[in-house]
Amino acid sequence: MVHRKILTALVFFVGLLAESQAMDALAQQPTVMITGSNRGIGLEFVRQYSAKGWTVIATTRRPMQAKALQQFARAQPNVTVELLDVTDGQHLSALVEKYDGQPIDVLINNAGVSGDFLGSGQSFGTLDYTTVDTFMSVNAIGPLRVTEAFYENIKLGKQKKVVAITALLGVHSFEYGNFPGAYWYKVSKAAMNAAVYNLSKEASKDGITVAMLTPGEVAVEKVTDPGPSFITPEVSIRGMIGVIAGLSLDDAGTIIRYSGKRYDF
Ligand SMILES: NC(=O)c1ccc[n+]([C@@H]2O[C@H](COP(=O)([O-])OP(=O)(O)OC[C@H]3O[C@@H](n4cnc5c(N)ncnc54)[C@H](OP(=O)(O)O)[C@@H]3O)[C@@H](O)[C@H]2O)c1
């Protein structure tokens with residue numbers, strides 16, 4: 001009887017020890033925060049960083065509707081889903097308070113709006129001025145706002161890296177892809193590049209590397225008929241994670257493609 005009690009207690013303590021070792025191992029992994037992580041490129045970042053064993057803070061503006069992300073997070077103890085509309089100051093304050101004092105190694109500013117590139121609202125002659133503010137607040141200002149909010153957490157991180165997902169349609173030296181229309185998308189991404197470039201100079205003084213990444217043309221869920229130049233999210237994100245891993249302060253303020261190729265502004 002006494003032996004059985006000792007055995008039960010032993011099994012219990014071994015279980016506790018294993019659990020606490022697992023928690024310690026999790027706590028020692030780097031942490032990545034990803035915006036707009038419920039679908040597309042953001043969701044694939046979540047999947048791949050989780051598979052690498054990182055602690056993943058996966059933010060989305062609509063957690064209740066984020067079915068694929070929630071399903072994935074339920075099966076992965078290293079993924080936490082958080083509410084964040086990148087234009088919402090209250091969401092940001094609440095999340096900043098929740099993560100106070102916790103290091104973030106890599107912040108990925110991924111959330112973005114594209115609209116219909118060739119639609120009338122983004123074509124000269126019929127531009128829709130009621131939508132431009134959303135493009136600007138999400139695409140151009142969002143990355144600056146989120147980075148400013150979590151700056152202390154990034155400073156605490158070992159890796160100290162911030163990236164923003166840009167597009168060649170927003171890059172002057174690439175002649176904005178020689179692509180028609182898409183005015184609000186191009187203008188907002190170009191403004192984001194300017195904001196992030198300027199931020200990179202200040203952040204460098206704190207040892208934080210800030211850079212822009214272009215993912216290529218990625219066949220995310222919403223792309224119904226991808227052309228031959230499209231790549232899968234798996235390939236694009238694997239490439240970008242490799243680029244992020246190799247980032248150093250020498251890369252501050254640069255635009256780097258998922259393949260590692262660099263662009264001038
Ligand atoms: N796919 C490409 O070929 C490509 C090429 C170049 C650059 N990019 C850039 O890569 C990023 C991701 O693109 P994607 O193709 O994955 O696009 P996507 O499938 O349209 O996903 C966009 C993500 O951003 C989120 N989002 C939009 N507004 C938001 C807000 N106010 N606050 C928080 N999240 C918000 C969306 O959330 P909801 O689901 O709630 O709308 C969604 O999770 C974007 O910045 C995009 O410009 C993509």
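Parameters and conventions
Residues numbered from 1 in each chain as written. Predicted model: local features only at pLDDT ≥ 70, side-chain atom pairs only at ≥ 80, totals over all residues. Helix = DSSP H or I, 4+ residues; strand = E, 2+ residues; numbered from the N terminus. Buried ≥ 20, exposed ≤ 12 C-beta atoms within 10 Å, placed from the backbone. Contact = placed C-beta atoms within 7 Å. Right-handed = clockwise from strand over helix to strand, strands pointing away. Pairing = 2+ DSSP bridges. Axes fitted to C-alpha atoms, helices over the stretch in contact; angles between N-to-C directions. Expected span 1.5 Å × (residues − 1). Core = buried A, V, L, I, M, F, W, Y, C linked by C-beta atoms within 7 Å. Left-handed = near helix turned anticlockwise from the far one by under 90°. Nonpolar A, V, L, I, M, F, W, Y, C, P; charged D, E, K, R; others polar. Near = placed C-beta within 6 Å.

Attention shifts here to the overall build of the protein. Looking only at helices and strands, one finds 8 helices and 8 strands in the protein. Considering the protein as a whole, with its 265 residues, one finds that 40% of them fall into the buried category. Sequence separation of at least 24 residues holds for 67% of the intrachain contacts in the protein that already meet a minimum separation of 6.

Glancing now at the pairing of strand β6 (residues 209-214). Burial analysis of β6 places 6 of its 6 residues in the buried class, which makes it a mostly covered element. Neither face of β6 is open: one carries Thr-209, Ala-211 and Leu-213, the other Val-210, Met-212 and Thr-214, and all of them are buried. The β-α-β motif built from strand β5 (residues 161-165), the intervening helix α7 (residues 183-204) and the parallel element β6 has right-handed crossover chirality. For β6 and strand β7 (residues 255-257), the ladder comprises 3 bridges, and the chain directions are parallel. Counterpart to Met-212 in the pairing with β7 is Ile-255.

Before going further, it helps to spend a moment on the sheet that holds β7. Strand order across the open sheet formed by 8 strands is β3-β2-β1-β4-β5-β6-β7-β8, with mixed pairing between neighbours. Among the strands making up the open sheet, the edge pair consists of β3 (79-83) and β8 (262-263). Where helix α3 (residues 67-75) meets the sheet, it contacts β2 (55-60) and β3, and its direction lies at approximately 145 degrees from that of β3. With respect to the sheet, helix α5 (residues 132-149) is in contact with β4 (106-109) and β5, its orientation differing from that of β4 by roughly 155 degrees.

With that out of the way, let us pick up unusual backbone geometry. A positive phi is found at Lys-160, a non-glycine position, where the angle reads about 55 degrees. Of note, Lys-160 is situated in the loop between α6 (151-156) and β5. Lys-160 sits in the buried class, given 21 other C-beta atoms within 10 Å. Of note in this structure, Tyr-176 is not a glycine but carries a positive phi near 50 degrees. Residue classification places Tyr-176 among the buried positions, given that 20 C-beta atoms sit within 10 Å.

Attention now goes to helix α2 (residues 40-51). An α-helix turns once every 3.6 residues. As a result, residues three or four positions apart point the same way. Over its 12 residues, α2 runs 17 Å from end to end, which matches the ideal 16 Å to within 8%, given 1.5 Å per residue. In terms of burial, α2 is a largely internal element, 10 of the 12 residues being buried. All of the buried residues along α2 are Gly-40, Ile-41, Gly-42, Leu-43, Glu-44, Phe-45, Val-46, Arg-47, Tyr-49 and Ser-50. The positive-phi residue at the C-terminal boundary of α2 is Gly-53, with phi of around 90 degrees.

Let us look at the nonpolar core. Ranked by size, the top nonpolar core spans 64 residues in total, and within it Val-46, Val-56, Ala-58 and Leu-213 carry the most contacts. Tallying contributions element by element places α7 first for this core, with 6 residues.

Our next topic: the packing of α2 against helix α8 (residues 233-246). It is the contact of α2 with α8, at a shortest axis distance of 9 Å, that shows an interaxial angle of 65 degrees. Every pair of crossing elements has a handedness; the one defined by α2 and α8 is right-handed. In this structure, α2 contributes Ile-41, Glu-44, Phe-45 and Gln-48 to the contact, and α8 contributes Pro-233, Glu-234, Ser-236, Ile-237, Arg-238 and Ile-241. Looking at the contact of α2 with α8 residue by residue, the class counts come to 5 nonpolar, 2 polar and 3 charged.

Below, the discussion takes up the site of the ligand. Taken together, 26 residues are adjacent to the ligand, and Gly-36, Gly-40, Ile-41, Ala-111 and Gly-112 come closest. Looking at the shell around the ligand, the element that brings in the most residues is α2, giving 3 residues. Per-class residue counts for the shell around the ligand are 10 nonpolar, 10 polar and 6 charged.

This brings us to the pairing of β5. For a regular strand, side-chain orientation follows a simple rule: the groups alternate between the two sheet faces. Within β5, 5 of the 5 residues are buried, leaving the element largely enclosed by the surrounding structure. Relative to β5, β4 runs parallel, the two sharing 4 bridges. Following the sheet pairing, Val-106 is matched in β5 by Lys-161. With 5 bridges joining them, β5 and β6 adopt parallel strand pairing. Along β6, the bridge assignment pairs Lys-161 with Thr-209.

What follows is about the environment of Tyr-129. Tracing the chain through its elements places Tyr-129 in the loop between β4 and α5. Between the C-alpha atom of Tyr-129 and that of Trp-184, which follows or precedes it by 55 residues, the distance is 9.3 Å.

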